[in-house]
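Fold and contact review
Now for the letters of each chain:
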Amino acid sequence: MASSDKSRRVWRDVTVFDGDQTLEGLQAVIVEGDIFVDVLPMADTDAALLDSGEDMGSGGVITPGLIDCHTHLVFGGNRAEEFEARLEGVSYEEVARRGGGILSTVNATRQASEDDLVASALPRLDALIADGVTTIEIKSGYGLDVEHEMKMLRAARRLGELRPIRVVTTLLGAHALPPEFKDDSDDYIDLVCNEMIPRAAAEGLADAVDVFCEKIAFSVSQCERVFKAANAYGLPIKAHAEQLSNLGGSAAAARHGALSADHIEYLDEAGIEAMREAGTLAVILPGAFHTLRETQQPPIEALREAGVPMAVATDANPGTSPLFQATLMLNLACTLFRMTPGEALAGMTAHGAQALGLNELGRVAPGQPADLCRWHIETPAELAYAVQPGRLAQRLYRGELTEGLSNER
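Residues numbered from 1 in each chain as written. Predicted model: local features only at pLDDT ≥ 70, side-chain atom pairs only at ≥ 80, totals over all residues. Heavy atoms only, no water.

Let us look at the overall build of the protein. Looking only at helices and strands, one finds 16 helices and 16 strands in the protein. For a compact globule of 409 residues, the expected C-alpha radius of gyration is about 22 Å, and the protein comes in at 21 Å, within 12% of that figure. Based on the C-alpha atoms only, the size of the protein along its principal axes is roughly 70 × 45 × 40 Å. For the protein, with 409 residues in total, the buried portion stands at 59%. Pairs at least 24 residues apart make up 71% of the contacts formed inside the protein by residues separated by at least 6 positions. For the protein, the computed accessible surface area is about 15300 Å², with 48% contributed by carbon and sulfur atoms. Counting 34 positive and 61 negative side-chain charges, the protein places the averaged centre of each group 2 Å from the other. (Helix = DSSP H or I, 4+ residues; strand = E, 2+ residues; numbered from the N terminus. Rg over C-alpha atoms; globule rule 2.2 N^0.38 Å. Buried < 20%, exposed > 50% of the residue type's maximum accessible area, 1.4 Å probe, protein only. Contact = heavy atoms within 4.5 Å. Areas by Shrake-Rupley, 256 points an atom, 1.4 Å probe, with all protein chains shown as cover. Lys, Arg positive; Asp, Glu negative; His and termini not counted. Charge placed at Lys NZ, Arg CZ, Asp CG, Glu CD.)

Now the structure itself:
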């Protein structure tokens, strides 16, 4: 039996997706405190073990808690007018050149207080929690000056204090060129490197640093300056790269040891090889592809053949992926990009964890942290097959039940 200061919970007759694959046959899952202690075939589990803790129910599917490894969840305002313009044929690049796009969100975010940003983000966060997310990455990038970028990061940290979810923060100062630095992109990169990154590091506000390497954003050489500055402060790096064109940003990020290269619709063989050699993950973002009505697909088959792990995330943001349902991304990854349901689910569990440098998460296995979801479905593939809210029966975060009844069957 568990000691008096620890809870012991037992699920029986469940199908388990462990982060890599669906285990054969029905399983028993046992959690003590905030750690998985056993995952056993029911045929090999004696009655005494099944009766050794609180009965959490039987049936359904257990997965690791979902991990949304790429979001822009904190922002001011919305971009419904931009959405309408794109439907009328205006390109994403043209919207940006007109002062819309990211810059319109920058204006709204700068005008919002930290409290405003927290309040507006909470409903979006609650939607993701209700869809099984237990770990989320939240980027800055809509402040584009030191004070407003720090404000965004503080708001993101607060969200993790207000809700039962692990929040990982990323400084995305190099997201776009702010109006006050028009035609002075190198000077702005100086600000990112010499003021933003040191400030975020000193105040413990950022867990990583990101860049947008693209023709409408920053060049490879400018992004590399950001990578070097981040590395100097011990902060991991990642990159938005090859979303609209092939500049070689993914290969550059990999050369600097990036955790991930994200979007990557225009990724080439050289970039794939650089990522493979460096252990840099590919983060697949079908929500932006869908919203922008893109036609250039990421090279899923080439990544698969090269053995580059693929994470999947919502890219939740106000302009190019205003989609706040994690399981919808599983469906889109499969229907748009021909990922298998197992690949997509691994992308939002074990591989999503790797993309954040949190390799201990995203798995249902003895000794691992006990973040899990139990779903009202019969097979894990159903999470990708159907877009259907309300399937989450139980959600365990750090060993604490945050959704569902303990005796639900």
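Now, onward.
Moving on, we come to the layout of surface pockets. With a probe scaled to a water molecule rolled over the atoms, the places where space remains empty come into view. Space inside the largest pocket adds up to approximately 430 Å³. The wall of the largest pocket is formed by 20 residues, among which Ala96, Arg97, Leu103, Leu177 and Ile216 lie closest to the centre. Among the secondary structure elements, those contributing two or more residues to the lining of the largest pocket are helix 3 (92-97) and helix 4 (102-111). In terms of residue count, helix 3 provides more of the lining of the largest pocket than any other element does, four residues in total. Split by residue class, the lining of the largest pocket holds eleven nonpolar, four polar and five charged. Forming the walls of the second largest pocket are 15 residues, and the residues nearest its centre are Arg79, Glu81, Glu82, Gly100 and Ser104. At the level of secondary structure, the elements contributing two or more residues to the lining of the second largest pocket comprise helix 2 (80-87) and helix 4. Top contributing element to the lining of the second largest pocket by residue count: helix 2, with four residues. (1 Å grid on protein atoms, 1.4 Å probe; cavity = no way out; pocket = protein on both sides within 12 Å on 5 of 7 lines; lining within 4 Å. Points joined across faces, edges and corners; volume = space filled by probe spheres on them. Nonpolar A, V, L, I, M, F, W, Y, C, P; charged D, E, K, R; others polar.)

UniProt's entry tags His70, His72, His240 and Asp315 with the feature "binding site: Fe(3+)" (unreviewed entry), counted in the numbering of this structure. Across 246 residues in sequence, these annotated residues keep their C-alpha atoms within 12.2 Å of one another, forming a single compact spot. Mapped onto the secondary structure, histidine 240 falls in strand 10 (residues 238-241). Within polar-contact distance, the side chain of histidine 240 engages the side chain of histidine 72 at 3.4 Å. By the secondary structure assignment, aspartate 315 is in the loop between strand 13 (310-312) and helix 13 (326-337). Exposure remark for aspartate 315: the relative accessible area of 1% places this residue in the buried category. (UniProt positions renumbered as here; feature names shortened; annotations may be inferred. Polar contact = N/O pair within 3.5 Å; in protein donor to acceptor, adjacent residues only side chain to side chain.)

Running from N to C, helix 7 (residues 185-202) and helix 8 (residues 220-232) cross one another at 10°; their axes reach a closest spacing of 10 Å. Between helix 7 and helix 8, the angle is such that the two are roughly parallel. Between helix 7 and helix 8, the contacting residues are Ser185, Asp186, Ile189, Asp190, Val192, Cys193 and Ile197 on the first element and Gln222, Arg225, Val226, Ala229 and Ala230 on the second. Looking at the contact of helix 7 with helix 8 residue by residue, the classes come out as seven nonpolar, two polar and three charged. (Axes fitted to C-alpha atoms, helices over the stretch in contact; angles between N-to-C directions. Parallel < 35°, antiparallel > 145°, perpendicular 65-115°, else oblique.)

Strand order in this open sheet of eight strands is 6-7-8-9-10-11-12-13, and the pairing throughout is parallel. Both edges of this open sheet fall to strand 6 (66-68) and strand 13, since each of them pairs with a single strand only. Each strand of the sheet is rotated relative to its neighbour by a mean of 25°, with strand direction disregarded. Where strand 8 (residues 166-174) meets strand 9 (residues 208-213), three bridges bridge the pair, whose relative direction is parallel. Looking across to strand 9, one finds that alanine 174 is bridged to valine 211. (Pairing = 2+ DSSP bridges.)

The geometry of an aromatic ring pair is captured by two quantities: the separation of the ring centres and the angle between the planes. Tallied over the full model, the rule gives three aromatic pairs. Ring geometry for tyrosine 188 and phenylalanine 218: centres 6.1 Å apart, planes at 20°, overall stacked. Note that tyrosine 188 is positioned in helix 7 and phenylalanine 218 in the loop between strand 9 and helix 8, a separation of 30 residues in sequence. Look at tyrosine 188 and you get buried, because its relative accessible area is 0%. An aromatic cluster is defined as three or more aromatic residues linked by ring pairs; in this entry it consists of Phe181, Tyr188 and Phe218. (Phe/Tyr/Trp six-rings, centres within 6.5 Å; stacked < 30°, edge-to-face > 60°.)

Attention now goes to the UniProt feature "binding site: 4-imidazolone-5-propanoate" (unreviewed entry) in the protein. The UniProt record annotates "binding site: 4-imidazolone-5-propanoate" (unreviewed entry) at Arg79, Tyr142, His175, Gln243 and Thr320. Of the annotated set, the members that line the largest pocket are His175. When residues no more than four places from it in sequence are discounted, the contact partners of histidine 175 are His72, Ile102, Gly141, Tyr142, Leu144, Phe212, Ala217 and Phe218. Side-chain polar atoms of histidine 175 contact the backbone oxygen of glycine 141, separated by 2.9 Å. Residue position: threonine 320 is located in the loop between strand 13 and helix 13. Given a relative accessible area of 6%, threonine 320 falls into the buried group.

On to the pattern of salt bridges. One pass over the structure, following the stated rule, counts 23 salt bridges. The partner of glutamate 54 in a salt bridge is arginine 9, and the shortest N-O contact between them spans 3.8 Å. Here glutamate 54 is found in strand 4 (residues 54-58), whereas its partner arginine 9 is found in strand 1 (residues 8-16), with 45 residues between them in sequence. Owing to a relative accessible area of 35%, glutamate 54 belongs among the partly exposed residues under this scheme. We classify arginine 9 as buried; its relative accessible area is 10%. For arginine 304, the salt bridge identified is with glutamate 301, shortest N-O distance 2.4 Å. Taken as a pair, arginine 304 and glutamate 301 lie in helix 12 (residues 300-306) at a separation of three residues, close to a single helical turn. For arginine 304, a relative accessible area of 31% gives the class partly exposed. With a relative accessible area of 40%, glutamate 301 lands in the partly exposed category. Here the salt bridges share partners, and the residues they tie into one network are Glu114, Asp115, Arg154 and Arg158. (Salt bridge = Lys/Arg side-chain N within 4 Å of Asp/Glu carboxyl O.)

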